[in-house]
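# Descriptive analysis of the structure
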Amino acid sequence: MDEQLTIGELARRTGVATSALRYWEELGLLPAPARVSGQRRYPPSAVGLVGVVLMLRDVGFTLREVKTFVASRSPAGDGWRELYHRKLAELDQRIARAQVARTAIAHGLACPHEDILECSNFASGVAAVLEGRSLEEAHEEIHSH
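Remember, predicted model here, so these are calculated numbers, not experimental data.

It is worth spelling out the overall build of the protein chain at this point. Per the secondary structure count, the protein chain includes 7 helices and 2 strands. Overall, the protein chain shows an N-to-C arrangement of helices and strands of α-α-β-β-α-α-α-α-α. For 145 residues, the compact-globule formula gives about 15 Å, and the C-alpha radius of gyration of the protein chain, at 24 Å, lies well above that figure. The principal-axis extent of the C-alpha atoms belonging to the protein chain is close to 75 × 40 × 20 Å. When the 145 residues of the protein chain are sorted by exposure, 25% land in the buried category. Across the protein chain, the fraction of contacts at a sequence separation of at least 24, relative to all contacts at a separation of at least 6, is 50%. Here the protein chain displays about 10,000 Å² of accessible surface, and carbon together with sulfur accounts for 55% of that area.

This is the structure in structure tokens:
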């Protein structure tokens, strides 16, 4: 029989707390391990599976999305690609919003007013946002004059 890992050994090899491993098992991210005298015993392949969870989490997938990814990996399936496409589109949107926010903050730092609340551009931006326009639309409106 292959070497089996206790939950503590799996935690040491992966750097993931035992409480997180138990939670991931509860969520279905890790298969329920065999039990020996009541203790969890994981196959060595569990180290790689924990690595997959960590990597997907680090690139922005939620644990729910990781569960979908793990479940979508059938030999004939392409479901993981759909998940990747959706996540890529979501990340592109987040990056675009972050770039707009960065530009707005940089412009705020360049404002000559001692108090930004006295700046007419800032006030116009606030008014545009209150009227329902996005930060990007508000910024474009301010700088198109």
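This is not the end of the story, as more comes after the structure.
Moving on: the pattern of salt bridges. Applying the stated criterion across every chain, the model contains 9 salt bridges. The closest approach of N and O atoms between lysine 87 and glutamate 90, which form a salt bridge, is 3.0 Å. Within this pair, lysine 87 and its partner glutamate 90 are both found in helix H5 (residues 79–110), separated by 3 residues, close to a single helical turn. Of the residues examined, glutamate 90 reaches a relative accessible area of 29% and is grouped as partly exposed. With a closest N to O distance of 2.8 Å, glutamate 141 and arginine 133 form a salt bridge. Residue class for glutamate 141 comes out partly exposed when judged on its relative accessible area of 32%.

Time to look at unusual backbone geometry. Positive phi, close to 50°, is recorded for serine 37, a residue that is not glycine. Within the element layout of this structure, serine 37 appears in the loop between strand E1 (34–36) and strand E2 (39–41). Residue serine 37 is classed as exposed on the basis of its relative accessible area of 80%.

Residue placement: phenylalanine 69 occurs in helix H4 (residues 63–71). According to the relative accessible area criterion, phenylalanine 69 is buried, its value standing at 11%. Taking the C-alpha atoms as reference points, phenylalanine 69 and histidine 139, 70 residues apart in sequence, are found 38 Å from one another. Setting aside chain neighbours within four positions, we find phenylalanine 69 in contact with Val52, Leu56, Trp80, Leu83 and Tyr84.

Counting residues in hydrophobic clusters, the biggest one holds 19 residues, and the most contacted among them are Leu10, Val16, Leu21, Trp24, Tyr42, Val50 and Val66. Residue assignment for this core shows that the elements contributing at least two residues are helix H1 (7–14), helix H2 (18–27), helix H3 (45–58) and H4. For this core, the element with the highest residue contribution is H3, accounting for 5 residues. In this structure, tyrosine 42 is in contact with Glu3, Gln4, Leu5, Thr6, Ile7, Leu10, Glu25, Pro31 and Pro33, ignoring residues within four places of it in sequence.

For the rest of this paragraph, the subject is the packing of aromatic side chains. All chains considered together, the criterion is met by 3 aromatic pairs. For the pair phenylalanine 69 and tyrosine 84, a centre-to-centre distance of 6.2 Å together with 35° between the ring planes defines the contact as tilted. Of the two residues, phenylalanine 69 sits in helix H4 while tyrosine 84 sits in helix H5, which places them 15 residues apart along the sequence. Judged by its relative accessible area of 33%, tyrosine 84 falls in the partly exposed class. By the ring-pair criterion, three or more aromatic residues cluster together here, those being Phe61, Phe69, Trp80 and Tyr84. Lying over the aromatic face of phenylalanine 61, lysine 87 brings its terminal NZ or CZ to 5.4 Å of the ring centre.

About the thresholds
Residues numbered from 1 in each chain as written. Predicted model: local features only at pLDDT ≥ 70, side-chain atom pairs only at ≥ 80, totals over all residues. Heavy atoms only, no water. Helix = DSSP H or I, 4+ residues; strand = E, 2+ residues; numbered from the N terminus. Rg over C-alpha atoms; globule rule 2.2 N^0.38 Å. Buried < 20%, exposed > 50% of the residue type's maximum accessible area, 1.4 Å probe, protein only. Contact = heavy atoms within 4.5 Å. Areas by Shrake-Rupley, 256 points an atom, 1.4 Å probe, with all protein chains shown as cover. Salt bridge = Lys/Arg side-chain N within 4 Å of Asp/Glu carboxyl O. Core = buried A, V, L, I, M, F, W, Y, C linked by side-chain atoms within 4.5 Å. Phe/Tyr/Trp six-rings, centres within 6.5 Å; stacked < 30°, edge-to-face > 60°. Lys NZ or Arg CZ within 6 Å of the ring centre and 35° of its normal.

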